[in-house]
Amino acid sequence: MSKAADTRMMILQKSFELIYRKGYQATSIDEIIATTQVTKGAFYYHFKTKDDMGLSLINEVLYPGMYNIMIKPLEVGKHPAKDIYKVMENLLNDFVFFNPDYGCPAINLIEEMSPMNPTFKKALSRLVKQWQNAIVAALNKGKSDHIFTSTFVPEEVAMVVISGYGGVRNIGKALGKSSYKTYLKGLKTYLTNL
């Protein structure tokens, strides 16, 4: 990577950390500049506006991380219900990247920015749709491989899994990580009965 590309990625990563803790709207460009220790000119060299930086954060930081953790395991997995559960278990037990007090960075951005900014909504919708499509594809493959004994609609299962994840991340902000254990237990029962 070039020095300019390294600087750009460092700004995105430091911005991500600030926004995760404080929220997008509460994080100012001046705070980002102070945290990254780049000049204002360097920030504006890489990003035209704060929203340009925010969209780059979604596309260049959140999306690749999400793909590797939430989508790829479903694409290569052989047992959809177990694979979906394992993705959720790994997500909810990752206390290095995720802090229960702050929830999920993507869910936080969806809640904060989707109602206010159509461009953010579109970029964030892409994240959710990619995950939803990966769950549906895994379940459809499992159906065609005769892994499941019941009939179900994969799109409905995907929505239950994704909305459950968003909900438990938010509940975890108030009740802590113990709520994750309860959710995972219920999710395992639900997926086992497919």
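Each remark here, short or long, concerns the structure printed above.
Being a predicted model, the structure only gives us computed values, none of them experimental.

K.L.:
I'm lost on the packing of helix H8 (residues 154-175) against helix H9 (residues 178-192) in this one. Help?
P.N.:
In helix packing, the relevant descriptors are the interaxial angle and the interaxial distance, both defined with respect to the helix axes. Packing of H8 against H9 brings their axes to within 8 Å, and their N-to-C directions diverge by 165°. By the criterion of interaxial angle, the relationship of H8 to H9 is roughly antiparallel. Crossing geometry of H8 relative to H9 is assigned as right-handed. Residue-level inspection shows Val157, Val160, Val161, Gly164, Tyr165, Val168, Arg169, Ile171, Gly172 and Leu175 of H8 in contact with H9, the latter providing Ser178, Ser179, Tyr180, Tyr183, Leu187, Tyr190 and Leu191.

K.L.:
What's the story with the pattern of salt bridges in this structure? I'm lost.
P.N.:
When the charged atoms of two side chains lie near each other, side chains of opposite charge can form a pair. Scanning all chains against the criterion turns up five salt bridges. A salt bridge links Asp30 to Lys40, with the shortest nitrogen-to-oxygen separation between them at 3.3 Å. In this pair, Asp30 is assigned in helix H2 (residues 29-36) and Lys40 in helix H3 (residues 40-46), connecting sequence segments 10 residues apart. In this structure, the salt-bridge partner of Lys86 is Glu89, at a minimum N-O distance of 3.1 Å. Residue Lys86 and its partner Glu89 are located together in helix H5 (residues 80-92), separated by three residues, close to a single helical turn. Its relative accessible area of 22% is what places Glu89 among the partly exposed residues.

K.L.:
For this particular structure, what's the right way to read the packing of aromatic side chains?
P.N.:
The geometry of an aromatic ring pair is captured by two quantities: the separation of the ring centres and the angle between the planes. This structure, assessed with the given rule, holds 10 aromatic pairs. On the numbers, 5.3 Å between centres and 85° between planes, the contact of Phe43 with Tyr44 is edge-to-face. Assessed through its relative accessible area of 0%, Phe43 is described here as buried. A relative accessible area of 39% means that Tyr44 is categorised as partly exposed. Arranged with centres 5.5 Å apart and planes meeting at 50°, the rings of Phe43 and Phe47 form a pair that is tilted. In this structure Phe47 comes out as buried when scored by relative accessible area, which is 0%. Of the aromatic side chains, those joined through ring pairs into one cluster are Phe16, Tyr20, Phe97, Phe98 and Tyr102. Taking NZ or CZ as reference, Arg126 lies 4.2 Å from the ring centre of Tyr63, over its face.

K.L.:
Explain H8 to me, please; I cannot follow it from the model alone.
P.N.:
Given 3.6 residues per helical turn, the α-helix brings residues three or four places apart onto the same face. For H8, with 22 residues, the first-to-last C-alpha span of 30 Å sits near the 32 Å given by 1.5 Å per residue. Tucked inside the fold, the buried residues of H8 contact H5, helix H6 (105-113), helix H7 (118-144) and H9.

K.L.:
Where do I start with the layout of surface pockets in this structure?
P.N.:
In this approach a probe as big as a water molecule rolls over the atoms, and the regions it shows empty are the leftover space. As a volume, the largest pocket reaches approximately 450 Å³. Around the largest pocket, the lining is made up of 29 residues, and of these Met66, Met70, Cys104, Ala106 and Ile107 lie nearest the centre. Mapped onto the lining of the largest pocket, the elements with two or more residues apiece are helix H1 (3-22), helix H4 (50-76), H6, H7 and H8. Looking at the lining of the largest pocket residue by residue, the classes come out as 20 nonpolar, six polar and three charged. In this model, the second largest pocket occupies a volume close to 210 Å³. In terms of lining, the second largest pocket is formed by His79, Pro80, Ala81, Lys82, Tyr85, Ile147, Phe148, Thr149, Lys188, Leu191, Thr192 and Leu194. Only H5 and H9 provide two or more residues apiece to the lining of the second largest pocket. Per element, the largest residue contribution to the lining of the second largest pocket is four residues, and it comes from H5. Residue composition of the lining of the second largest pocket, by class: seven nonpolar, three polar and two charged.

Criteria and thresholds
Residues numbered from 1 in each chain as written. Predicted model: local features only at pLDDT ≥ 70, side-chain atom pairs only at ≥ 80, totals over all residues. Heavy atoms only, no water. Axes fitted to C-alpha atoms, helices over the stretch in contact; angles between N-to-C directions. Helix = DSSP H or I, 4+ residues; strand = E, 2+ residues; numbered from the N terminus. Parallel < 35°, antiparallel > 145°, perpendicular 65-115°, else oblique. Left-handed = near helix turned anticlockwise from the far one by under 90°. Contact = heavy atoms within 4.5 Å. Salt bridge = Lys/Arg side-chain N within 4 Å of Asp/Glu carboxyl O. Buried < 20%, exposed > 50% of the residue type's maximum accessible area, 1.4 Å probe, protein only. Phe/Tyr/Trp six-rings, centres within 6.5 Å; stacked < 30°, edge-to-face > 60°. Lys NZ or Arg CZ within 6 Å of the ring centre and 35° of its normal. Expected span 1.5 Å × (residues − 1). 1 Å grid on protein atoms, 1.4 Å probe; cavity = no way out; pocket = protein on both sides within 12 Å on 5 of 7 lines; lining within 4 Å. Points joined across faces, edges and corners; volume = space filled by probe spheres on them. Nonpolar A, V, L, I, M, F, W, Y, C, P; charged D, E, K, R; others polar.

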